[in-house]
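Architecture at a glance
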Amino acid sequence: MPVHDVHVAVIYYSSTGTVAELARRIADAAEHAGADVRLRRTAELAPQAAIDANPAWAANAAATADVLEATHEDMLWADAVIFGTPTRFGNVTSQLKQYLDTLGGLWQQGRLADKVYSGFTASATQHGGQESTLLALYQTIHHFGGILVAPGYTDPAKFRDGNPYGTSHVGGPDTPLDEDARTAARIQAERVVKFTKAIKHGLSTAS
């Protein structure tokens, strides 16, 4: 079994469950690759009436109620953070963005720098803003001074799902993750753990 000597936080927002399922896949793959993993969701900002009006949204809220909400301590604990968000008009959701916006104090202290970061997303339609959402997310990583580890085309399977920026899936709650998305999640998680181990041990040796 791999040595679990790095910490990976998978922090996501999901409304109807697709990104939540991707998050679980990525968390499981990261743990299998040799990381201690925390799976965390960001706080819901939408009114309860809006959630109750959408059966899939309400079902996902109930199904993930036991997943702890992300805190600042999760960021401090992590050697790597993999963020997940659905697309919202080609951008990250307000729920994830609100969490990111609360990290200003840690950023100012330099405590978000030198960690590995990566991202994943989903949209209801093809070309629904997946790439622009991940690129928008990664702007924040650059401000953190983070080390961006995207999957790229580093595995033959990536030429099937076609997204070098991060794992993605097209479809809503009635469209289960396909094999391409499941494989992409594993590849991304393994790549993040691989480089987190290399960077963490390299920095400790250099210091």
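Look above for the structure.
Here goes a summary of the coordinates provided. Remember, it's a predicted structure, so these values are computed and weren't measured experimentally. (Residues numbered from 1 in each chain as written. Predicted model: local features only at pLDDT ≥ 70, side-chain atom pairs only at ≥ 80, totals over all residues. Heavy atoms only, no water.)

1. A closer look at the overall build of the protein
Broken down by element type, the protein carries nine helices and six strands. For 207 residues, the compact-globule estimate of 2.2 N^0.38 gives 17 Å, and the protein sits close to it at 16 Å. In terms of its C-alpha atoms, the protein occupies a principal-axis envelope of roughly 55 × 40 × 30 Å. Relative to its 207 residues, the protein shows a buried fraction of 48%. Carbon together with sulfur atoms contributes 54% to the accessible area of the protein, which is approximately 9,800 Å² in total. Between the centroid of the 17 positive side chains of the protein and the centroid of its 22 negative side chains there is a distance of 4 Å. (Helix = DSSP H or I, 4+ residues; strand = E, 2+ residues; numbered from the N terminus. Rg over C-alpha atoms; globule rule 2.2 N^0.38 Å. Buried < 20%, exposed > 50% of the residue type's maximum accessible area, 1.4 Å probe, protein only. Areas by Shrake-Rupley, 256 points an atom, 1.4 Å probe, with all protein chains shown as cover. Lys, Arg positive; Asp, Glu negative; His and termini not counted. Charge placed at Lys NZ, Arg CZ, Asp CG, Glu CD.)

2. Quick word on the packing of aromatic side chains
Counted under the stated rule, the structure contains three aromatic pairs. Between the aromatic rings of Phe83 and Tyr117, the centroid separation amounts to 6.3 Å while the plane-to-plane angle is 10°, which identifies the pairing as stacked. With a gap of 34 residues between them, Phe83 in strand E3 (residues 80-86) and Tyr117 in strand E4 (residues 116-123) connect regions that are remote in the sequence. By the burial criterion, Phe83 is buried, and Tyr117 matches it. With 4.9 Å between their ring centres and 25° between their planes, Tyr153 and Phe159 make a pair best called stacked. A relative accessible area of 42% means that Tyr153 is categorised as partly exposed. Among the aromatic residues, those joined into a ring-pair cluster are Phe83, Tyr117 and Phe144. Between Arg38 and the ring centre of Trp77, over which it is positioned, the NZ or CZ distance is 4.2 Å. (Phe/Tyr/Trp six-rings, centres within 6.5 Å; stacked < 30°, edge-to-face > 60°. Lys NZ or Arg CZ within 6 Å of the ring centre and 35° of its normal.)

3. Side note on the environment of Ala27
Inspection of the secondary structure assignment puts Ala27 in helix H1 (residues 18-32). Here Ala27 falls in the buried class, since its relative accessible area comes to 6%. Between the C-alpha atoms of Ala27 and Tyr138, which are 111 residues apart in sequence, the distance is 20 Å. With residues up to four places along the chain from it excluded, the contact list for Ala27 reads Val10, Val37 and Leu39. (Contact = heavy atoms within 4.5 Å.)

4. A short note on the pairing of strand E2 (residues 35-41)
Sheet topology places strand E1 (residues 6-12) next to E2; seven bridges connect them, and they run parallel. Bridged to Ala9 within E2 is Arg38. The β-α-β motif built from E1, the intervening H1 and the parallel element E2 has right-handed crossover chirality. (Pairing = 2+ DSSP bridges. Right-handed = clockwise from strand over helix to strand, strands pointing away.)

5. Quick word on the side chain of Thr42
By the secondary structure assignment, Thr42 is in the loop between E2 and helix H2 (48-52). With residues up to four places along the chain from it excluded, the contact list for Thr42 reads Ile11, Tyr12, Tyr13, Gln95, Leu96 and Tyr99.

6. A word on the pattern of salt bridges
Following the criterion strictly, the structure yields 13 salt bridges and no others. One salt bridge connects Asp5 with Lys197, and the closest N-O pair in it is separated by 2.5 Å. Residue Asp5 is found in the segment before E1, and its partner Lys197 is found in helix H9 (residues 179-206); the two are separated by 192 residues along the sequence. Given the relative accessible area of 18%, Lys197 is considered buried. Sharing partners across several salt bridges, the network here consists of Arg38, Arg40, Glu73 and Asp74. (Salt bridge = Lys/Arg side-chain N within 4 Å of Asp/Glu carboxyl O.)

7. A look at unusual backbone geometry
The residue Phe89 is not glycine, and still its phi comes out positive at about 55°. The residue Phe89 is located in the loop between E3 and helix H5 (94-101) in this model. Overall, Phe89 belongs to the exposed group, its relative accessible area being 89%. The backbone of His127 sits at a positive phi, close to 60°, despite the residue not being glycine. Following the sequence through the fold, His127 ends up in the loop between E4 and helix H7 (130-144).

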